[in-house]
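These are the residues of each chain, in order.
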Amino acid sequence: MNTNTDEFYMRRCLELARKGRLLSRPNPMVGAVIVAETTSTTHPQPLPKGGESVATPPQQPSFCPRDTRIIGEGYHARCGEGHAEVNAFASVRADDEPLLPHSTIYVSLEPCSHYGKTPPCAELIIRKGVRRVVVGCQDPFAKVQGRGIEMLRNAGIEVTVGVLEDECRWINRRFFTFHKLHRPYIILKWACSADGYLDDHQRAAAFSTSYTSMLVHKMRAEEDAILVGRITDEREHPRLDTRLWSGPAPHRFVLSHEMPIESILAECREHNLQSLIVEGGAATHRSFIERGLYDEIRTETSPLVTGDGTPAPKLPAGLHLISSVQTDGNIINRYTNVSV
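The rules behind these values
- Residues numbered from 1 in each chain as written.
- Predicted model: local features only at pLDDT ≥ 70, side-chain atom pairs only at ≥ 80, totals over all residues.
- Heavy atoms only, no water.
- Pairing = 2+ DSSP bridges.
- Helix = DSSP H or I, 4+ residues; strand = E, 2+ residues; numbered from the N terminus.
- Axes fitted to C-alpha atoms, helices over the stretch in contact; angles between N-to-C directions.
- Contact = heavy atoms within 4.5 Å.
- Core = buried A, V, L, I, M, F, W, Y, C linked by side-chain atoms within 4.5 Å.
- Buried < 20%, exposed > 50% of the residue type's maximum accessible area, 1.4 Å probe, protein only.
- Phe/Tyr/Trp six-rings, centres within 6.5 Å; stacked < 30°, edge-to-face > 60°.

S.K.: Describe the sheet that holds strand 4 (residues 132–135), with residues and values.
M.R.: Strand order across the open sheet formed by 5 strands is 2-1-3-4-5, with mixed pairing between neighbours. Each edge of the open sheet carries a strand with a single partner, namely strand 2 (68–75) and strand 5 (158–161). Across this sheet, the average inter-strand angle for adjacent strands is 15°, counted without regard to direction. Pairing geometry for strand 4 and strand 5, over 4 bridges, is parallel. Bridging across to strand 5, Val134 finds its partner in Thr160. Relative to the sheet, helix 1 (residues 3–17) contacts strand 1 (31–37), strand 2, strand 3 (103–107) and strand 4, its axis offset from that of strand 1 by approximately 145°.

So, in structure tokens, the structure goes:
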């Protein structure tokens, strides 16, 4: 298949992968699509005696590359349950099974090659006899790291690696950071006034609106841990929960002399907490910035002017702006650390 076709189906893998955002962790988000080469995009559905379709085939996209058809797809829905490849093969109809030797399976992350809570997906792919495997990116997990790709190639299967690699790495940036840098993916987050202050003369100021506060709680539900400094904890008693959004509250840390950054990062490693939001004050944020411990920075700027207060942290050099959105009158900017 050509590059455009490979990218088309890899984008579908990414769409599927995102469905597992909350429940797949600490495992990565993965999507898989099985595509048969065929001269027709139509396929009659067998009907039982009652006249109803025996199964619903995978939904075909409005546009499909010529002479191809999706015969199976799946994603990793929950940690400990079937991987994306397992679910994709399970969705293939019995009358489509003969098409597998003429098929390509697209997977956003390298198929696993080891026995964990489930058997190796690379072995399953070999057993199913597909002709070709297209992998979005290699798995950084120590028990995989290219072994799944090697296993497939040793079995005589054609393997293409690196289709939409940046996009495939991005959706699992927490997983990649945790396994490559042995620390959580760190997000620094603060809200400030239009003139650059975190508060109004040492008093907490409500720079977030009710809507942007809900977005913060959504973000908390999507991350594993959250941190504030001791002074913020004693002064404001923040709940750091997800009461404005549906989802689990992140594990709570308070930075202090008794619990320094290094101890918090060690606990994250020990308990497989792959992401950490820092919501502390200026000193807390500076301590992370000075150590280069940040992967993403999210700032929310209110149109309110305080005239004085605690200055917001200075944005470090080497940031890349990935989005800037005006929401409910506030401007929310997101940056990534290009040096990591």
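S.K.: Run through the environment of Pro184, naming residues and quoting values.
M.R.: Relative to the helices and strands, Pro184 resides in the loop between helix 6 (173–181) and strand 6 (185–192). Linking Pro184 and Arg220, residues 36 residues apart in sequence, is a C-alpha distance of 14 Å. Not counting chain neighbours up to four residues away, the residues in contact with Pro184 comprise Thr177, Phe178, Leu265, Cys268, Leu273, Gln274, Ser275, Leu276 and Asp295.

S.K.: An account of the nonpolar core is requested, with residue identities and associated values reported.
M.R.: Ranked by size, the top nonpolar core spans 42 residues in total, and within it Ile105 and Val133 carry the most contacts. Per-element accounting of this core gives the leading share, 6 residues, to helix 1. Excluding anything up to four places from it in sequence, Val133 contacts Ile105, Ile125, Leu152, Ile157, Glu158, Val159 and Thr160.

S.K.: Before we move on, could you go through the packing of aromatic side chains and cite the residues and values that matter?
M.R.: Counted under the stated rule, the structure contains 3 aromatic pairs. Consider the rings of Tyr9 and Tyr106, whose centres lie 5.4 Å apart with planes at 35°: the pair is tilted. Of this pair, Tyr9 sits in helix 1 while Tyr106 sits in strand 3, placing them 97 residues apart in sequence. Judged by its relative accessible area of 0%, Tyr106 falls in the buried class. Measuring from centroid to centroid gives 6.3 Å for Phe175 and Phe176, while their planes differ by 75°, and the two rings are edge-to-face.

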